[in-house]
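Secondary and tertiary structure notes
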Amino acid sequence: MKLNTTFNRVYQFTCAHRLHSDTLSDRENLDVYDKCNNYNGHGHDYTLEVSLKGDPDPKTGMIVPLQEFDHRVKKVLSVLDYKHLDKEVEYFRTHHSSGEVIVQYLWDELEKLFPHGQLYHLKLWETNNNYFELGV
Amino acid sequence: MDIKEIQITKKFEFSASHRYWREDWTDKKNNEVFGLCTSPYGHGHNYELHVTVTGTVDPDTGMIINLSDLKKYVKLVLEEFDHKYLNLDNTAFQELIPTTENIARVLYEKIDSQLVNKGDFKLFRVRLYERSDLYVDVWSPGE
């Protein structure tokens with residue numbers, strides 16, 4: 001039987017950030033971003049679900065060996081973990097650190113580390129109540 | 001209202017032990033690839049299985065599938081998995097390493113055959129959690 005299979009791992013990382021746009025006035029920033037515009041920033045425990053699609057290797061029974069999977073994802077997440085995104089991560093000095101942009105950034109970074117077409121879906125939880133998805 | 005493609009999902013739990021090991025590989029290679037999962041007598045997990053069924057909503061009952069029936073079909077399949085050492089006690093894993101990917105695929109095939117010709121519904125997807133941070137989805141390419 002031909003079946004589709006995804007292997008999915010759940011990771012956590014923690015960051016500080018502030019949502020603020022230089023093209024808006026202070027008043028407009030507050031209107032748009034509300035408490036996320038807090039001057040000194042705030043933070044989240046992010047949860048990231050990473051899905052890879054493929055056929056399990058007949059020798060190992062795995063789509064990708066777990067240690068290798070973890071190693072690659074952690075390489076990407078270590079750039080963000082325990083950082084203030086806007087102040088300490090190069091990419092976010094010039095990009096908004098909203099969930100939408102973070103999930104796009106993670107997709108671009110992770111895609112480089114896996115064979116073409118293997119990265120299938122990302123689900124980024126910013127809090128227990130909101131998440132951002134990208135992929136199929 | 002035109003209702004179509006509704007899915008219903010029921011969760012199940014089972015506990016099993018397994019071991020990742022290839023006899024045709026050296027101990028070193030097995031340990032490199034499979035890590036802690038090579039532990040000689042196996043180790044175990046409380047697996048959580050989500051079984052998703054799709055089909056027509058029966059106008060008489062308002063249901064796609066009676067959940068008691070679904071429970072009966074899935075429980076029948078899980079008899080070979082629950083409180084077993086998969087490598088030795090389940091014939092599907094005599095040649096196949098019982099990774100989460102392989103367990104989920106075997107479960108998909110077995111549950112799918114249980115549901116055939118039982119009503120106007122079919123298996124849509126199985127999701128198998130080994131732990132809360134590791135899961136596999138399996139579905140048919142037609143979906």
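Residue numbering note: each chain is counted from 1, following its sequence as written. Chains carry letters from A onward and ligands carry numbers from 1 onward, assigned in written order. Only residues with pLDDT of at least 70 get local features here, since the model is predicted, and only at 80 or more are side-chain atom pairs given and counted; chain-wide, interface and lining totals rely on the full set of residues.

1. Digging into the pairing of strand β2 (residues 42-53) of chain A
Residues and elements named next belong to chain A.
- Any two strands between which DSSP finds at least two bridges are classified as paired. In this description a helix means any DSSP run of H or I spanning at least four residues, a strand means any run of E spanning at least two, and both kinds are numbered starting from the N terminus. Summarising the sheet, strand β1 (residues 4-17) and β2 pair through 12 bridges and their orientation is antiparallel. Bridged to F13 within β2 is Y46.
- Looking at chain direction, β2 and strand β4 (residues 119-127) are connected through six bridges and run antiparallel. Along β4, the bridge assignment pairs L52 with L119.

2. So, helix α2 (residues 66-77) of chain A
All names here are of chain A.
- The end-to-end C-alpha distance of α2 is 16 Å, a good match for the 16 Å that 12 residues give at a rise of 1.5 Å each.
- Working definition of burial: number of other C-beta atoms within 10 Å of the residue's own, with buried at 20 or more, exposed at 12 or fewer, and partly exposed in between, all C-beta atoms being placed from the backbone. Along α2, the residues classified as buried are L66, V73 and V76. Buried residues of α2 fall within an arc of 100° about the axis and therefore sit on the same side. Along α2, exposed side chains directed more than 90 degrees from the buried face belong to H71, K74 and K75.
- Any residue pair is listed as a contact if its two C-beta atoms, each placed from the backbone, are within 7 Å. Those residues of α2 that are buried lie in contact with β1, β2 and α5 (99-111). In a helix, the anticipated span is given by 1.5 Å times the number of residues less one. Directions drawn from the helix axis to the C-beta atoms are what define this arc.

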